[in-house]
Amino acid sequence: MDFKWIHRFAKVLLLLFVLLKSYNANAQTSWSNNLMVIGNNLGTSKLTQEYMKQTFKGKYSLWSNGQAVTIVLPSSKSAQAPEFANVVMGMSVTGMQKYWLSLVFQGRANPPAFFETSSDIVKFVASTSGAIAVIPANTPDVPNYLIIKIQN
Amino acid sequence: MRVRLLVLLVLVFSLDNVAIAQNRNTQFNGFGHIEYNLNNLNQKNSYFSIGEHDFFVNSKLSDRISYLGEYVIRFNGSSATSFLPSIERSLVKFNYSKLHSIIVGKIHTPLNYWNDVYHHGRLFFPTVDRPFAFSYLIPLHTLGIQFQGQNIGKLNFGYDVVWGNGISSTDAFHADTHTPVSFAAHIKPIEGMRIGVSYYNEYLPDNVFGTHSGHASNYSHHVGETYEGPINYELACFSFAYFGKKVEVLNEFAFNRTRSDSLPEANNFSNYLYLGLPIAEVHTPYVYVDYLNVDHNDLHTYQIEKYKVGLGYRYQFNYQLNVKAQFEYESTLHDHSNLNSMDPFVSFKVQLAYGF
């Protein structure tokens, strides 16, 4: 068999990869001061911005202390959902929901918990070891021990 | 009386809390689709059909252990009720470290992107149908043990090593002692991109098909007696997937080599290429080309050559509902094919896919 076409095909894919990588490099979103990260028993009180974002994309299943990661997301009816989806996930609310439905369906992550209000999110995180969420920075009555500092 | 009432109330609230906790740990989903087909085959036809309906459960059994089940009901004309249920996935996953896990149960083989990502959820399919390779070359399921790693390092490296029942097995029995091992590895260098390779090798002493192969359909195009001697079945796959905001690319390549004790080795391959251009997230016009070539020496799948090209459009109402419409030209080139697939034909398909 003549395998020259495989080499040509590989070159085309490589070129495509380089183009997409350069395109993607401009698609980063920056952290917002309007948002605050909260977590319960994560084994740390500080996270880098990148680690936090990757966690919300389902990259990690356990924290450094061995606690299972529980992702908490704003539901589509939540007022904060568009900002969260854009800043943290780099997608639209629909994109975020589709992303997580697909990830769970693949069996590569446990389902996240969805809540409509920030107060419900705070209550859930406070009662769930390993839970992490992002809420508006002006959310009242957030216990100090839940607040996670975000570093660049 | 008051004490009894109090005890009753406490019990009711306790049970309610248990139910809430249960809900937090277990998620149920369903996926289904309905299709309309119009084609200009020998006998022109136009019909609606109800597709696979897929019930999905995911449950967190402990911090590190979870269960996943996928149960499908599909139309089957030979069934007494016209429908047949099947367990497509049923697995227990033990997450023994941050990025590594062991999975035991019935799984989809991780041999290419489509099988590992879309499973039976038409909601996630970029086009109406699966690539040809799924009907001829790819072993779709296996029942066994899987070692999985994912998102390792900057390239998000992932691996799957599977030791499980082979092509000739059923969900409850395997007639010989040859248990195949398959390997798959991928990287996700940027958001939305996944590049993967895989290898599968199985020795089939009697060349028998069981429930795990997706290519038990050889008899539909093969005319004559079938070979019942030993076959060595090798499969190597390469997948490239990129699903970005402005462009979607999926290429699935499969190379299959079979060796028998009667004829020289057979080299078979297939390639599926999909290109989509999402517009404002909801509109996606797309094109695809699918080609399959099974060698004349092949005694497992049997010789066939076919291709199809298609042009379609997908509209996403929301993340739980989409509709796809596509025109497709399909041609089968093998002389021994059955009459229904001999002549080239054009079809128009519409698929409404939903998840809940």
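In this text, all values refer to a predicted model and were calculated from it rather than measured experimentally.

1. Quick word on the overall build of chain A
Along its length, chain A carries five helices and six strands. Counting all 152 residues of chain A, 34% fall into the buried class.

2. Things to note about the overall build of chain B
Looking only at helices and strands, chain B has three helices and 16 strands in total. In chain B, which comprises 356 residues, the proportion classed as buried is 37%. Taking contacts inside chain B between residues at least 6 apart in sequence as the whole, the part at least 24 apart equals 58%.

3. Observations concerning the interface of chain B and chain A
Bring the parts together and some accessible area is lost; that lost area is often taken as the interface size. Listed by partner, the interface residues are 32 residues for chain B and 27 residues for chain A. Secondary structure elements with two or more residues in the side of chain B that touches chain A: β2 (45–60), β3 (65–75), β4 (83–97), α2 (113–117), β6 (141–152) and β10 (231–243) of chain B. Top element by residues in the side of chain B that touches chain A is β2 of chain B. It accounts for three residues. Considered class by class, the residues forming the side of chain B that touches chain A number eleven nonpolar, twelve polar and nine charged.

4. Section: the environment of Val-197 of chain B
All names here are of chain B. Inspection of the secondary structure puts Val-197 in strand β9 (residues 193–204). Assessed through the 16 C-beta atoms surrounding it within 10 Å, Val-197 is described here as partly exposed. C-alpha separation for the pair Val-197 and Thr-81, spaced 116 residues apart in sequence, amounts to 41 Å. Setting aside anything within four residues of it in sequence, one finds Val-197 in contact with Ala-185, Cys-237 and Phe-238.

5. Thoughts on the environment of Arg-257 of chain B
Residue and element names in this part refer to chain B. Mapped onto the elements, Arg-257 comes out in strand β11 (residues 248–260). With 17 C-beta atoms packed within 10 Å, Arg-257 lands in the partly exposed category. Between the C-alpha atoms of Arg-257 and Val-346, which are 89 residues apart in sequence, the distance is 31 Å. Beyond its immediate sequence surroundings of up to four residues, Arg-257 is in contact with Glu-234, Glu-265, Ala-266 and Asn-267.

6. Considering the environment of Ala-85 of chain A
Residue and element names in this part refer to chain A. Looking at the secondary structure, you find Ala-85 in helix α3 (residues 81–89). Looking at Ala-85, the number of C-beta atoms within 10 Å reads 22, which means it is buried. A C-alpha to C-alpha distance of 8.2 Å links Ala-85 and Gly-95, two positions ten residues apart in sequence. Excluding residues that lie within four positions of it along the chain, Ala-85 makes contacts with Met-91, Ser-92, Val-93, Gly-95 and Met-96.

7. Some words on the pairing of β9 of chain B
Residue and element names in this part refer to chain B. Pairing geometry for strand β8 (residues 181–187) and β9, over seven bridges, is antiparallel. For Ala-185, the partnering residue across the bridge sits in β9 and is Val-197. In this antiparallel pair of consecutive strands, β8 and β9, the connection spans five residues, and Gly-192 shows a positive phi of 90°. By the bridge criterion, twelve bridges tie β9 to β10 in an arrangement that is antiparallel. Looking at β10, one finds that Asn-201 is bridged to Glu-234.

8. Focus: the nonpolar core
Ile-38, Val-72, Ile-121, Val-125, Ile-132, Ala-133 and Ile-135 of chain A are the most contacted members of the largest nonpolar core, which has 37 residues in total. If you list the elements that add at least two residues to this core, you get β1 (35–39), β3 (70–74), α3, α4 (93–106), β4 (113–115), α5 (118–127) and β5 (131–136) of chain A. In contact with Val-72 of chain A, other than residues within four places in its own chain, are Pro-112, Ala-113, Phe-115, Ile-121, Phe-124, Val-125, Ala-131, Ile-132 and Ala-133 of chain A. In terms of nonpolar packing, the next biggest core, distinct from the first, is built from 35 residues, Ile-138, Ala-184, Ala-254 and Tyr-274 of chain B among them.

9. Quick look at the sheet that holds β3 of chain A
In sheet architecture, strand pairing relies on hydrogen bonds along the backbone and comes in two forms, parallel and antiparallel. Residue and element names in this part refer to chain A. Taking strand neighbours across the sheet as the criterion, the six strands line up as β2-β6-β1-β5-β3-β4 in an open arrangement whose pairing is mixed. With partners counted over all chains shown, the strands left at the sheet margins are β2 (46–48) and β4, one partner each. Strand-to-strand twist of the sheet, defined as the mean angle between neighbouring strand axes without regard to direction, takes the value 35°. Bridge analysis of β2 against strand β6 (residues 147–151) gives three bridges, and the strand direction is parallel. Pairing of Thr-48 across the sheet is with Gln-151, part of β6.

10. Examining the packing of α3 of chain A against α4 of chain A
All names here are of chain A. Relative orientation of the contacting elements α3 and α4 amounts to 65°, with a least axis distance of 8 Å. Relative to α4, the element α3 is oriented roughly perpendicular. Considering how the two elements wind past one another, α3 and α4 form a crossing that is left-handed. Contacts from Ala-81, Pro-82, Ala-85 and Met-89 in α3 reach Val-93, Gly-95 and Met-96 in α4.

11. Things to note about the confidence of the model for chain B
In this model, chain B carries an average pLDDT of 87, and 88% of its residues clear a pLDDT of 70 or more. Note that residues 5–23 of chain B has pLDDT below 50 and, in this model, zero contacts with residues that lie over four places away or in other chains.

12. Quick word on unusual backbone geometry
All names here are of chain B. With a phi angle near 50°, Ala-280 is a residue other than glycine that sits in the positive phi range. Among the structural elements, Ala-280 can be located in the loop between β12 (266–276) and β13 (283–294). Of note in the backbone geometry, Glu-281 takes a positive phi value of approximately 70° without being a glycine. In this fold, Glu-281 is placed in the loop between β12 and β13.

13. Considering α5 of chain A
All names here are of chain A. By the burial criterion, the buried members of α5 are Ser-118, Ile-121, Val-122 and Val-125. Within α5, the buried residues cover an arc of 100° as seen down the axis, which keeps them to one side. Where α5 is buried, its residues meet β1, β3, β4 and β5.

14. Observations concerning the confidence of the model for chain A
A low pLDDT score tells you not to read the predicted coordinates there in detail. Mean pLDDT over chain A: 86, with 85% of residues reaching 70 or higher. Under a pLDDT of 50 for its full length, residues 24–29 of chain A has, in the predicted model, six contacts with residues more than four places off or in other chains.

15. Points about the pairing of β13 of chain B
All names here are of chain B. Pairing of β12 with β13 involves eight bridges; the strand directions are antiparallel. Opposite Tyr-274, over in β13, you have Tyr-288 as the bridge partner. Linking two consecutive strands that pair antiparallel, namely β12 and β13, is a turn of six residues; a positive phi of about 50° is found at Ala-280 within it. The pairing of β13 with strand β14 (residues 304–318) spans twelve bridges and is antiparallel. Bridge pairing in β14 places His-283 opposite Tyr-315.

The rules behind each value
- Residues numbered from 1 in each chain as written.
- Chains lettered and ligands numbered in written order.
- Predicted model: local features only at pLDDT ≥ 70, side-chain atom pairs only at ≥ 80, totals over all residues.
- Helix = DSSP H or I, 4+ residues; strand = E, 2+ residues; numbered from the N terminus.
- Buried ≥ 20, exposed ≤ 12 C-beta atoms within 10 Å, placed from the backbone.
- Contact = placed C-beta atoms within 7 Å.
- Nonpolar A, V, L, I, M, F, W, Y, C, P; charged D, E, K, R; others polar.
- Pairing = 2+ DSSP bridges.
- Core = buried A, V, L, I, M, F, W, Y, C linked by C-beta atoms within 7 Å.
- Axes fitted to C-alpha atoms, helices over the stretch in contact; angles between N-to-C directions.
- Parallel < 35°, antiparallel > 145°, perpendicular 65-115°, else oblique.
- Left-handed = near helix turned anticlockwise from the far one by under 90°.
- pLDDT = per-residue confidence, 0-100.
- Arc of directions from axis to C-beta.

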